[in-house]
Amino acid sequence: MIPVDFPLSILKADPNSAAAKRLSKDLRNPFYIGDRPGLTQTLGWVDAWATQPSVYAVAARNAQDVAAAVNFARDNNLRLVVKGGGHSYQGTSNAPNSLLIWTRHMHDIATHDGFVPQGCEHSMQPQPAVTLGAGTIWMQAYQAVSTKGGKYVQGGGCTTVGVAGLIQSGGFGSHSKRYGTAAGSLLESEVVTADGRIRVANACTNPDLFWALKGGGGGTFGVVSKMTLRLHDLPEFFGGANFIIKAASDDAYRRLLREFVNFYREHLFNDHWGEQAHVNPDNALEISMVHQGLSTEQAKQVWQPFLDWVGRSPRAYSLEKRPVIGSLPAQRMWDVQWWKDHWPEVAFPNTNRLIGLFDHVLAHVLQPIFEIDDRPGAGPNNAWWKGDAGQVGWFIWGYESLWLPESLLESDSQQRLADALFASSRYSSVGLHFNKGLAGAPPDAITAARDTAMNPAVLNAFALAIVADGQGPAYPGIPGQEPSVAEGRKAAGRIDKCIDQLRAVTGQTGAYVSESNYFEKGWQQAYWGSNYPRLAEIKKKYDPDGLFFVHNGVGSEQWSADGFTKL
Ligand SMILES: Cc1cc2nc3c(=O)[nH]c(=O)nc-3n(C[C@H](O)[C@H](O)[C@H](O)COP(=O)(O)OP(=O)(O)OC[C@H]3O[C@@H](n4cnc5c(N)ncnc54)[C@H](O)[C@@H]3O)c2cc1C
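These numbers come from a predicted model, not from an experiment. (Residues numbered from 1 in each chain as written. Predicted model: local features only at pLDDT ≥ 70, side-chain atom pairs only at ≥ 80, totals over all residues. Heavy atoms only, no water.)

1. Thoughts on a nonpolar patch on the surface
A surface patch of nonpolar side chains, amounting to about 470 Å² of accessible area, comprises Met1, Val55, Tyr56, Phe72 and Leu78. Along the chain, Leu78 turns up in the loop between α4 (63-75) and β5 (80-83). On the basis of relative accessible area, Leu78 is assigned to the partly exposed category, the value being 33%. (Patch = residues over 30% accessible without salt bridge, like charges linked within 9 Å, V, L, I, M, F, W, Y side chains within 5 Å. Areas by Shrake-Rupley, 256 points an atom, 1.4 Å probe, with all protein chains shown as cover. Salt bridge = Lys/Arg side-chain N within 4 Å of Asp/Glu carboxyl O. Helix = DSSP H or I, 4+ residues; strand = E, 2+ residues; numbered from the N terminus. Buried < 20%, exposed > 50% of the residue type's maximum accessible area, 1.4 Å probe, protein only.)

2. Here we look at the pattern of salt bridges
Scanning the entire structure with this criterion turns up 20 salt bridges. Residue Lys386 is joined to Glu371 by a salt bridge in which the shortest nitrogen-to-oxygen separation is 2.9 Å. Residue Lys386 is located in the loop between β19 (383-385) and β20 (394-405), and its partner Glu371 is located in strand β18 (residues 370-372); the two are separated by 15 residues in the primary sequence. Judged by its relative accessible area of 18%, Lys386 falls in the buried class. A residue is classified by how much of its surface remains accessible, and Glu371, at 23% relative accessible area, is partly exposed. Two residues, Glu537 and Lys540, come together in a salt bridge whose shortest N-O distance is 3.4 Å. In this pair, Glu537 and Lys540 both sit in helix α18 (residues 532-542), 3 residues apart, roughly one turn of the helix.

3. Some points on the packing of aromatic side chains
Counted according to the given criterion, the structure contains 35 aromatic pairs. Note on Tyr264 and Phe462: the rings are 5.8 Å apart at their centroids and 45 degrees apart in plane angle, and the pair reads as tilted. Here Tyr264, found in helix α9 (residues 250-268), pairs with Phe462, found in strand β22 (residues 461-471); they are 198 residues apart in sequence, far enough to count as distant. Residue classification places Tyr264 among the buried residues on the basis of a relative accessible area of 2%. A relative accessible area of 2% means that Phe462 is categorised as buried. Judged by centre distance (6.0 Å) and plane angle (85 degrees), the rings of Trp523 and Tyr532 are edge-to-face. In this pair, the class of Trp523 matches that of Tyr532, namely buried. By way of ring pairs, the aromatic residues Phe243, Phe260, Phe263, Tyr264, Phe269, Trp273, Trp303, Phe306, Phe434 and Phe462 are connected into one cluster. Above the face of the Phe422 ring, Arg254 is positioned so that its terminal group lies 4.2 Å from the ring centre. Looking at Arg426, its charged tip hangs above the ring of Phe422, at a distance of 4.0 Å from the centre. (Phe/Tyr/Trp six-rings, centres within 6.5 Å; stacked < 30°, edge-to-face > 60°. Lys NZ or Arg CZ within 6 Å of the ring centre and 35° of its normal.)

So, in structure tokens, the structure goes:
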């Protein structure tokens, strides 16, 4: 048990000191933030929350430590929070005047050639799997599974997101169109429930709790101490396509969007292609997509018809960023040393060579793809995608997500979808995250996701639309780094209007719990759809007194907004 300090205090107390200057730099480093029990990756949200430290933290090393902390919190009627990677946008891993269970140091990783969940000996075949301590971040998992082991585990895109938080919300990575959700790959979990018992949850033992942990939301049903996920064969290649097409007029942009929707349906709506297209307000369509299983030649061939169509109208369209389409050996994707050897810009970020193949990567092709933790003694693999860097220390202005049903890709709906995208882009940039909707995925990925607690809307969606804005690093009361409340409110208004244009054609499909509005209306339905009543029952069974509370989590209706008072 350790007292928790609040590193940001120094920025208020002594903003010109050397320590404050160093901290301002460190606040752009997700590994620094992750190493501090008193900080979170997202620092707050205008009119919603601002991060605050717990009074004490239990820096747990194993399930026994977690159980001791749970018993202590329950017996002393304490507000309890749980933090792994600390990436919650909704601020659900921090609370003032609370006891924190901090899993940062629980990152043991073990791979298995033939794993059988406990109690499933007669019903399940052994299969390759990996067991990850609850505090493992995805970079550590990919290093062990892919770089060293030559296999693949379905996790998240951002290297510093925690495994337990991501899996419990469903969890998508760049290649989810092929391998499904992270929750769909879960084989077993060890979890400490509110009664302090260390339980195993899988398809045969505590199956109801197991199901709830697969997408029912973090910090709600217990404290997970480790999770075992199915492994997949690694494809030969990962790769991507990245470019921006600018239209010369509104009419040309409308035609471009219509063409892209049709092109997506015909050529990209399959298990190879994930990640994003951005429909931007300045009439620019930004492609930053990622593929698996295609060589550079094959990937280029896929895009050629679309680029030809664009090229036929040089007065209407120009390429703002020249297309970068390519592949690399999949095993090297998270191999930081390999990137350093092959792309020295990673180590020497000021050279100007054209690089980059991936979405997180590709956000800026002329930039280095990774940022590196340069603190003395930092691990050699402490790296994060350049494309995620803008969210480190982020203070959110507004955030919305919405699943887009596959039916909108049918020929007689494509025009409606293109028109809605154009209309929404008048207010804000719309990100189409194709890997966060499972329509187009193989049957095994869909079947596994159907057996999770996520909103079933994910199964029929071809993409998740995300509209978001913010600034950072920022925090209230820090001179020069105050969140812009007025601008934030304006942005939130634009984001509302933007998503309304899409909702007009989708109806109330739902939002992804981990990437959604803090002020989500009807969140029970939006996050979990028809699964909510079953989740509420499981919550009552395993946590009848509501020891585990998170904002807009299952059962949170029964508590005051701060989680201190039962209503
Ligand atoms: C930059 C960035 C990129 C992202 N990219 C993706 C992405 O590619 N795909 C995607 O699906 N999502 C993505 N997300 C969303 C992310 O998956 C969720 O925010 C996730 O919940 C974060 O988990 P964490 O452990 O890092 O965060 P935390 O804030 O530590 O935890 C999130 C929630 O889970 C709970 N929790 C954490 N550990 C445990 C545990 N051991 N037992 C019980 N509850 C626990 C916490 O109490 C909290 O409520 C991204 C978020 C950010 C900020």
